[in-house]
Amino acid sequence: MLRIFTTQVTGATKALLHKEEDIEDAARLLCQALASDDHVYIAAFGEMKAIEAEAVHGHEALPNVHSLDEYGLDSVTERDRVVLATRFSHDEEAVQLARKLARRGIPFLSITTITDNDEASLVSYSDQTLDLNLHQGLVPDEDGTRVGYPASLLGLHAYFLLALTVREILAEVG
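Residues numbered from 1 in each chain as written. Predicted model: local features only at pLDDT ≥ 70, side-chain atom pairs only at ≥ 80, totals over all residues. Heavy atoms only, no water.

Colleague: I tried to follow the environment of Leu132 on my own but got confused; where do I start?
Modeller: Looking at the element boundaries, Leu132 is found in the loop between strand 5 (128-131) and strand 6 (139-140). Residues Leu132 and Ala98 lie 34 residues apart in sequence; the distance between their C-alpha atoms is 18 Å. (Helix = DSSP H or I, 4+ residues; strand = E, 2+ residues; numbered from the N terminus.)

This is the structure in structure tokens:
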């Protein structure tokens with residue numbers, strides 16, 4: 001099981017590298033705020049709170065990145081950017097926040113797995129979406145179910161690819 005899981009995780013992280021254009025577009029969205037000393041707020045749900053913890057408290061946290069939970073939606077302006085991270089794009093709590101951000105004209109990106117129901121999902125509101133493409137566990141169990149669903153692990157990987165690209169862009173313009 002361990003080898004299967006490791007092989008599958010490796011494949012999933014490599015698949016994110018093939019989304020380099022999406023990552024660059026998402027990084028540019030964040031750089032619009034960061035290059036002008038505005039803010040990026042992170043709102044994460046469930047196990048994806050790991051992304052928020054890394055972005056805000058990590059060893060290499062980007063400047064002007066804050067937890068939306070800590071500062072509140074009233075602190076966010078149209079010049080700021082928001083990152084929403086959730087397991088699936090139809091997460092109702094995340095979709096409600098996305099609607100509020102869209103109504104206020106606040107650009108944001110999502111880190112999530114896109115589900116089939118795009119009309120009622122983050123995809124319909126997000127300016128950019130980084131799709132984790134993780135629809136089920138990675139390892140088949142003896143009874144046919146699948147286990148080993150590493151949403152937070154892939155979300156963190158996507159975040160690091162995004163943060164590294166942001167640093168690269170800011171170094172070029174700075």
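Having seen it, we continue.
Colleague: What's the story with the sheet that holds strand 3 (residues 81-88) in this structure? I'm lost.
Modeller: Working definition: the strands of a sheet are paired by backbone hydrogen bonds and lie parallel or antiparallel to each other. Pairing is parallel in the open sheet, where five strands are placed in the order 2-1-3-4-5. Unpaired on one side and paired on the other, strand 2 (65-67) and strand 5 mark the two borders of the sheet. Pairs of neighbouring strands in the sheet enclose a mean axial angle of 20 degrees, with direction left out of account. Where strand 1 (residues 40-44) and strand 3 come together, five bridges link them in parallel fashion. Within strand 3, the residue paired with Ile42 across the bridge is Val83. Contacts from helix 5 (residues 92-103) reach strand 1, strand 3 and strand 4 (108-113), with the element oriented near 155 degrees to strand 3. (Pairing = 2+ DSSP bridges. Axes fitted to C-alpha atoms, helices over the stretch in contact; angles between N-to-C directions. Contact = heavy atoms within 4.5 Å.)

Colleague: Can you help me understand the pattern of salt bridges in this one?
Modeller: When their charged atoms lie close together, side chains carrying opposite charge are able to pair. With the rule as written, the count across this model stands at seven salt bridges. With its nearest N and O atoms 2.8 Å apart, the salt bridge here joins Arg87 to Glu47. Taken together, the residues Arg87 in strand 3 and Glu47 in the loop between strand 1 and helix 3 (49-57) connect sequence positions 40 residues apart. For Arg87, a relative accessible area of 36% puts it in the partly exposed group. Of the residues examined, Glu47 reaches a relative accessible area of 28% and is grouped as partly exposed. Each member of the salt-bridge network shares a partner with another, and the members are Glu24, Asp25 and Arg28. (Salt bridge = Lys/Arg side-chain N within 4 Å of Asp/Glu carboxyl O. Buried < 20%, exposed > 50% of the residue type's maximum accessible area, 1.4 Å probe, protein only.)

That is the geometry; function is a separate question.
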